[in-house]
Amino acid sequence: MDFDNQEQTPTELRDVRPTSFSHIIGQENAKQALQIAVDASFHTGNRLEELLVLGPPGLGKTALIQVVAEELAVPFMEVLAQGITNAAELNSMLLSASDGVLFLDEIALLSPQLQHALLIVLDKRRIFLSGGKSVQSIPVAPFTLVGATTDPDKLISPLVDRFRQVIHLDFYSLDELSKIVQQRRHALRWEYEPELFAEIAQRARQTPRIALRLLG
């Protein structure tokens, strides 16, 4: 849901999401770094390089990377790493992520073996399948991998090194949380007493996900 487009009023919180960096409240350092990366991709004509997003849960990693895809005007694909348990599932995901942004949430939950396999695909842009005495090579369409995790220590070092930029997300201030709640209420056209925004911000433990859960 574009915050600037009020032609169709959303009815639920999940229907409202930012579609540009200007709609995102807080995370100024992350937004600036991502905007520079997006602008550089446009100016050079090169694909956006791999990114790693770090931070506690509930800070808006998915929403931020959805905006990156919106700004690049490319498809966005989100996959939860804990759902990938073998090479076949990994290969299927990589073959589906063509010409867009692949957001692999909690990437550190991939097994070390699958992290190594992912690294090979990123480096070679091909999937190698062994069958008997032969090895089949399948090309992978260009895509940008964005990994997100709350526990980077579980990532293998070569994979961490493959990410060209690391984005750190910070906890939110009370003022930022209050503005986020007001922004969503405005988009949904819900009626609330103004003092409720500060009350929600106080209870949200510096985390937008909790604030929006309290709002709903």
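Before any of the text, the structure's been laid out above.
As the structure is a prediction and not an experimental result, all values here were calculated from the model.

Structural notes on the overall build of the protein
Right, so step 1: Summing up its helical and strand segments, the protein has eight helices and seven strands in all.
Right, so step 2: With respect to the three principal axes, the spread of C-alpha positions in the protein is 70 × 35 × 30 Å.
Right, so step 3: When the 216 residues of the protein are sorted by exposure, 44% land in the buried category.
Right, so step 4: Here the analysis covers contacts within the protein between residues at least 6 apart in sequence; of these, 72% occur between residues at least 24 apart.
Right, so step 5: Within the protein, the 27 negative side-chain charges are centred at a point lying 6 Å from the centre of the 20 positive side-chain charges.

Some words on the packing of helix α1 (residues 28-44) against helix α2 (residues 61-72)
Right, so step 1: Where α1 contacts α2, the two axes come as close as 10 Å, and the packing angle between them is 25 degrees. With respect to each other, α1 and α2 are oriented roughly parallel. As for the relative orientation of α1 and α2, their crossing is right-handed in sense. Residues Ala30, Lys31, Leu34, Gln35, Val38, Ser41 and Phe42 of α1 form the contact with α2, whose participating residues are Leu64, Val68, Glu71 and Leu72.

Things to note about the pattern of salt bridges
Right, so step 1: Applying the stated criterion to the full structure yields nine salt bridges.
Right, so step 2: Note that arginine 47 and glutamate 50 form a salt bridge whose closest N and O atoms lie 3.1 Å from each other.
Right, so step 3: Here arginine 47 falls in the partly exposed class, since its relative accessible area comes to 35%.
Right, so step 4: Relative accessible area serves as the criterion here: at 1%, glutamate 50 is assigned to the buried category.
Right, so step 5: Taking the shortest distance from any N to any O, the salt bridge between aspartate 123 and arginine 162 comes out at 2.7 Å. You can see aspartate 123 sitting in helix α4 (residues 112-124) and its partner arginine 162 sitting in helix α5 (residues 157-162), a full 39 residues away along the chain.
Right, so step 6: Of the residues examined, aspartate 123 reaches a relative accessible area of 48% and is grouped as partly exposed.

About the cut-offs
- Residues numbered from 1 in each chain as written.
- Predicted model: local features only at pLDDT ≥ 70, side-chain atom pairs only at ≥ 80, totals over all residues.
- Heavy atoms only, no water.
- Helix = DSSP H or I, 4+ residues; strand = E, 2+ residues; numbered from the N terminus.
- Buried < 20%, exposed > 50% of the residue type's maximum accessible area, 1.4 Å probe, protein only.
- Contact = heavy atoms within 4.5 Å.
- Lys, Arg positive; Asp, Glu negative; His and termini not counted.
- Charge placed at Lys NZ, Arg CZ, Asp CG, Glu CD.
- Axes fitted to C-alpha atoms, helices over the stretch in contact; angles between N-to-C directions.
- Parallel < 35°, antiparallel > 145°, perpendicular 65-115°, else oblique.
- Left-handed = near helix turned anticlockwise from the far one by under 90°.
- Salt bridge = Lys/Arg side-chain N within 4 Å of Asp/Glu carboxyl O.

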